[in-house]
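# Coordinate analysis (summary)
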Amino acid sequence: MTSNIIEITKNEHLSITNFDQLFNIVIKSGADFKLELIRLNEKEELNTNFSISVEKNAKVEIVIVDLSNRNSTIEGTVTLDDFSEATLKLGALSDSISHKKYILNVDQKGVKSKSLVSMLGVATDESKLEFLGSTKIYKGAIKSTARQESRIADLSDKVRSVCSPALLIDENDIMASHGAALGQIEENQLFYLMSRGLTKQEAETIITLGYLKPVINLIDSKESQEKLSEYIESKVNHHARSI
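Residues numbered from 1 in each chain as written. Predicted model: local features only at pLDDT ≥ 70, side-chain atom pairs only at ≥ 80, totals over all residues. Heavy atoms only, no water.

### Section: the overall build of the chain
Per the secondary structure count, the chain includes 3 helices and 16 strands. Its C-alpha radius of gyration of 18 Å places the chain within 12% of the 18 Å reference for a compact globule of 243 residues. If one aligns the C-alpha atoms of the chain with their principal axes, the spans along those axes are about 55 × 35 × 30 Å. In the chain, which comprises 243 residues, the proportion classed as buried is 48%. Accessible surface computed for the chain: about 11600 Å², of which carbon and sulfur atoms make up 45%. Placing the 29 positive and 35 negative side-chain charges of the chain at their respective mean positions leaves the two points 2 Å apart. (Helix = DSSP H or I, 4+ residues; strand = E, 2+ residues; numbered from the N terminus. Rg over C-alpha atoms; globule rule 2.2 N^0.38 Å. Buried < 20%, exposed > 50% of the residue type's maximum accessible area, 1.4 Å probe, protein only. Areas by Shrake-Rupley, 256 points an atom, 1.4 Å probe, with all protein chains shown as cover. Lys, Arg positive; Asp, Glu negative; His and termini not counted. Charge placed at Lys NZ, Arg CZ, Asp CG, Glu CD.)

Structure follows, in structure tokens:
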């Protein structure tokens, strides 16, 4: 990908792996665009940002899955026009001593625009995982709706996790909500699974998959879904053997 502006004029789907550069996308009026960004076995650190402009009556769905063990910083901004919609779903796994930061912003400038930002993550070892960003509803964007969700499960007491979604509201005639949760897996969850005959390692794997599966299942390719799930299992198993 380059920093050139890409115009989407019809319904399209694009899946990108090993993305590492700035990109700007304009989704023209009436178009429906799905973008998948996947990182798995990359050897380089990532520091990138993207900008997506969604014109009147257009839609965008962005699915980000980052399972690499390298430092990652991804910042994205989606701007919504009248009657446009944006769904951003992130699934991230941080391990070792990696530091991952995701800043997902939505600027709702159009009337009756809709947005959903959902960030789900699992942190292990001595890693740091940050879910940041804001949704802003501008003055005049009446009848708009916005929802933010952030959740991180810690598999180690040495991880550092941050969930800080922000809503910036300049209009009264709207509906908006947000929620954030982070912390270690509850002991009763592990106890229940282990009481069913599972080892602690197996129980943690199931819980981790449960956190990230909703995002992985949004990937269109079944083969990619299986590959990502297998990779998560190997990561959690490695963590369990190291403690």
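### Observations concerning helix α2 (residues 200–216)
Its 17 residues give α2 an end-to-end C-alpha distance of 23 Å, which sits within 8% of 24 Å, the value for a rise of 1.5 Å per residue. Along α2, the largest kink reaches about 35° and is centred on G210; proline P214 follows within four residues of it. Every buried residue belonging to α2 is among A203, E204, T205, I207, T208, L209, Y211, L212, V215 and I216, and all of these are buried. (Expected span 1.5 Å × (residues − 1). Bend = angle between axes of the 7 residues up to and from the residue.)

### Section: the pattern of salt bridges
Considering all chains together, one arrives at 8 salt bridges under this definition. Close ionic contact of K34 with E36 constitutes a salt bridge, the shortest N to O distance being 3.8 Å. Taken as a pair, K34 and E36 share a single burial class, namely buried. Here E149 ties to R147 by a salt bridge, and the two come within 3.4 Å at their closest N and O atoms. When salt bridges with common partners are traced through the structure, they connect K34, E36 and D220 into a single cluster. (Salt bridge = Lys/Arg side-chain N within 4 Å of Asp/Glu carboxyl O.)

### Some details on the nonpolar core
Core analysis: the biggest nonpolar cluster contains 36 residues, and I27, I52, V60, V78 and F131 have the highest contact counts within it. Once residues within four sequence positions are removed from consideration, I52 is found in contact with I25, I27, L35, V60, I62, T77, V78 and T79. (Core = buried A, V, L, I, M, F, W, Y, C linked by side-chain atoms within 4.5 Å. Contact = heavy atoms within 4.5 Å.)

### Let's talk about the environment of G133
With respect to the helices and strands, the residue G133 is situated in the loop between β11 (128–132) and β12 (134–137). For the pair G133 and I207, spaced 74 residues apart in the sequence, the C-alpha separation amounts to 26 Å.

### A look at the sheet that holds strand β6 (residues 59–66)
Read across the sheet, 7 strands follow the order β2-β4-β6-β8-β10-β13-β16 without closing on themselves; strand pairing throughout is parallel. The open sheet has two edge strands, β2 (12–17) and β16 (175–184), and neither has a second partner. Recorded for the sheet is a direction-independent mean angle of 5° between the axes of neighbouring strands. Bridge count for β6 against strand β8 (residues 85–94) is 8 bridges, and the pairing is parallel. Residue pairing in the sheet places K59 in a bridge with E85 of β8. Its contacts with the sheet place α2 against β6, β8, β10 (114–123) and β13 (145–154), and it is angled at close to 150° to β10. (Pairing = 2+ DSSP bridges. Axes fitted to C-alpha atoms, helices over the stretch in contact; angles between N-to-C directions.)

### Focus on a negative patch on the surface
Together, E223, E226, E230 and E233 give the surface a local cluster of negative charge. With respect to the element layout, E230 can be found in helix α3 (residues 222–242). Assessed through its relative accessible area of 55%, E230 is described here as exposed. (Patch = residues over 30% accessible without salt bridge, like charges linked within 9 Å, V, L, I, M, F, W, Y side chains within 5 Å.)

### Description of the packing of aromatic side chains
With the rule as written, the count across this model stands at 2 aromatic pairs. Sitting above the plane of the Y138 ring, K109 keeps its charged end 5.2 Å from the centroid. For K136, the ring lying beneath its charged end belongs to Y138, and the centroid distance is 4.4 Å. (Phe/Tyr/Trp six-rings, centres within 6.5 Å; stacked < 30°, edge-to-face > 60°. Lys NZ or Arg CZ within 6 Å of the ring centre and 35° of its normal.)

### Some remarks on unusual backbone geometry
Of note, the phi angle at F83 is positive, near 60°, even though the residue is not glycine. With respect to the helices and strands, F83 occurs in the loop between β7 (72–80) and β8. With relative accessibility at 35%, the residue F83 sits in the partly exposed group. With a phi angle near 55°, D125 is a residue other than glycine that sits in the positive phi range. Inspection of the secondary structure puts D125 in the loop between β10 and β11. Classification of D125 by relative accessible area gives buried; the value is 19%.

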